[in-house]
Amino acid sequence: MLDFSSRSFDQVPQPPWVEPPDLLTQILLGLRLDGVEYGRCVLHPPWAIAFPAQRSARFHFVGHGGAWLRTPGSEWQRLNMGDAVLLPHGSFHVLASSPDVPPVDIDSLARKAVSENIYLVDGREAGRAPLGAPVAPPPPLAPDVLFSGALRFNLDPLHPLMAMMPAVMMAGDLARRDATVPVLLDAMEREVAQDRMGACAILARLADALAASIIRAWVECSCNSPTGWIAAVRCPRIGKVIAAIHAEPERDWNVPLLADLMGASRSSFSESFTRTMGESPARYVAKVKMSQARRWIARDGMRVAVAAHRLGYESEASFSRAYKRIIGHPPSTARAE
């Protein structure tokens, strides 16, 4: 598990002149990525693997050789040795030695457990001839070595920071923003090359750190945008409003109350909030409330009626309608997620 800080900001004694962190800093300090499982794949060209969509994020590092990556609606992208990619939404994608090789599903490949959440993937079944090519013994090409994994965020998928993340985040594109990224990439490349005892376990921890560094670098890149959630939480006036909503999702937030908090008229507040965030204050408050409700129900086992009452709904039925409108399914199904 990775944590940006071993101690919470509130636990660290702060001099009186140090201001408390803003909402974005608090989230980054508390962001955790738990490696659900990792696999070392040794693949002999030609090969292609399809990774189905999943709730957990996907991570890939090219330890030797190279690969091509494609997600729905995008062109093939080349990954060279030492490259890493994070797919924060766990979107469907294909990795291949060549774009014209038909893929096999990752779950169809044999795997051998190394430890509790690390395994070796037998890539022999992933090797197929390209479409239209004559069937012949494969040439003695050097294998491609990938280190892939599934990562779980401690943020709800509905959280604005998660919703803003692109489908694909390339480490190389963000390396110039964070000096930590190339250092971690180099460390992972050395671990793969040396293949020492315990290398897979060390690679898993490095991957957790690299994924978090990629997200931090992406946040820094996004801070230049004049609109969006990151721009809003960086704004002293709107950021104070958003921080208050997240700090007390149970409160009966309304436009007059939020406008007073911002120190603006109701119309000025609503216009400014909607322009920056891309949605109305009421919609944003509802999303924060439902995100909190999902955590209570799924993680803490809270009864739906109790969650509805705590969030200020007059009835369980009205809460359930609001929950389904925001989340997409009834609150009763949250425990199965």
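Just above sits the structure.
Analysis parameters
Note on numbering: residues in each chain are counted from 1, in written sequence order. This being a predicted model, a pLDDT of at least 70 is required before a residue's local features are given, and a value of 80 or more before pairs of side-chain atoms are given or counted; all residues contribute to the totals for chains, interfaces and linings. To obtain the side-chain values, all non-hydrogen atoms of the structure were included, while hydrogens and water were left out. Among buried residues, those of type Ala, Val, Leu, Ile, Met, Phe, Trp, Tyr and Cys that are joined through side-chain atoms within 4.5 Å constitute a nonpolar core. Here's how the labels work: a residue is buried when its accessible area is under 20% of the maximum for its type, exposed when over 50%, partly exposed in between, all with a 1.4 Å probe on protein chains only. Comment: elements are numbered from the N terminus, with helices defined as DSSP H or I runs of at least four residues and strands as E runs of at least two. Whether two residues are in contact is decided by their heavy atoms: any pair within 4.5 Å suffices. Here, strands pair whenever DSSP counts at least two bridges between them. Space inside and on the surface of the protein is sampled on a 1 Å grid over the protein atoms alone, with a cavity defined as a set of points where a 1.4 Å probe fits but cannot get out and a pocket as an open set with protein on both sides within 12 Å along at least 5 of 7 lines; lining residues have an atom within 4 Å of a point. Grid points are joined across faces, edges and corners, and a volume is the space filled by probe spheres set on the points. In this classification, Asp, Glu, Lys and Arg are treated as charged, Ala, Val, Leu, Ile, Met, Phe, Trp, Tyr, Cys and Pro as nonpolar, and every other residue, Gly included, as polar. Salt bridges, as used here, are contacts in which a Lys or Arg side-chain nitrogen is within 4 Å of a carboxyl oxygen on Asp or Glu. All axes are obtained by fitting lines to C-alpha atoms, using only the stretch in contact for helices, and the reported angles, taken between N-to-C directions, cover 0 to 180 degrees. Put simply, angles under 35 degrees are roughly parallel, angles over 145 are roughly antiparallel, angles from 65 to 115 are roughly perpendicular, and the rest are oblique. Here is the rule for handedness: rotate from the far helix to the near one, and if that takes an anticlockwise turn smaller than a right angle the crossing is left-handed, while a clockwise turn gives right-handed.

A. Examining the nonpolar core more closely. Among the nonpolar cores identified, the biggest contains 65 residues, and F59, W229 and I242 are the most heavily contacted of them. Here the element with the most residues in this core is helix α5 (residues 199-222); it accounts for 14 residues. With residues near it in sequence (within four places) discarded, F59 still touches Y38, A84, V85, L86, F147, S148, G149, L151, M188, A207 and L210. Grouped together as the second largest cluster of nonpolar side chains are 20 residues, C41, W47, V104 and L109 included.

B. View of the sheet that holds strand β3 (residues 48-51). Strand order in this open sheet of 5 strands is β6-β5-β8-β3-β9, and the pairing throughout is mixed. Here the strands that pair on one side only, and so sit at the sheet edges, are β6 (77-80) and β9 (104-105).

C. Representation of empty space enclosed by the protein within the structure. Evaluation of the coordinates by the stated rule reveals 1 cavity of 30 Å³ or more. Space inside the largest cavity adds up to approximately 40 Å³. Along the walls of the largest cavity sit C41, F51, R58, I106, Y119, V121, S148 and G149, which together make up its complete lining. Listed by contribution, the elements that provide at least two residues to the lining of the largest cavity are β11 (118-122) and β12 (144-153). When the residues that make up the lining of the largest cavity are grouped by side-chain class, the tally is 5 nonpolar, 2 polar and 1 charged.

D. View of unusual backbone geometry. The residue after P45, namely P46, is reached through a cis peptide bond having omega 0°. Among the structural elements, P46 can be located in the loop between β2 (32-43) and β3.

E. Representation of the pattern of salt bridges. Using the criterion set out here, one finds 8 salt bridges in the structure. Between R205 and D208 there is a salt bridge, with the nearest N and O atoms lying 3.2 Å from each other. Residue R205 and its partner D208 are located together in helix α5, separated by 3 residues, close to a single helical turn. Take R205: its relative accessible area is 39%, and that puts it in the partly exposed class. Among the ionic pairs, E279 bridges to K287, the shortest N-O distance being 3.4 Å. Here E279 falls in the buried class, since its relative accessible area comes to 16%.

F. Structural view of the side chain of S56. Mapped onto the elements of the fold, S56 is located in the loop between β3 and β4 (57-64). In this structure S56 comes out as buried when scored by relative accessible area, which is 19%. Excluding anything up to four places from it in sequence, S56 contacts V36, H89, G90, A150 and L151.

G. Spatial organisation of the side chain of S213. Following the sequence through the fold, S213 ends up in helix α5. Those residues in contact with S213, other than ones at most four positions away along the chain, are D178, T180, V181 and L184.

H. Looking closely at the environment of T274. For T274, the location among the structural elements is in helix α9 (residues 266-277). Taking C-alpha positions, T274 is 9.8 Å from T227, a pair spaced 47 residues apart along the chain. Once you skip the residues sitting within four places of it in the chain, T274 turns out to touch E279, S280 and P281.

I. Representation of the packing of helix α4 (residues 180-194) against α5 in the model. Packing of α4 against α5 leaves a shortest axis separation of 9 Å and a crossing angle of 160°. The angle between α4 and α5 falls in the class roughly antiparallel. Between α4 and α5 the crossing geometry is left-handed. Across from T180, V181, L184, L185, A187, M188, E191 and V192 in α4, the residues of α5 making contact are A199, I202, L203, L206, A207, A209, L210, S213, I214 and R216.

J. Representation of the layout of surface pockets. Roughly 620 Å³ of volume is contained in the largest pocket. Lining the largest pocket are 20 residues, with R55, F153, L155, D156 and P157 positioned closest to its centre. Secondary structure elements with two or more residues in the lining of the largest pocket: β12 and α10 (281-300). Among the elements that make up the lining of the largest pocket, the one with the highest residue count is α10 (4 residues). Grouping the constituent residues of the lining of the largest pocket by class yields 9 nonpolar, 4 polar and 7 charged. Size it by volume and the second largest pocket reaches roughly 530 Å³. Forming the walls of the second largest pocket are 22 residues, and the residues nearest its centre are I27, L155, H159, H246 and R295.

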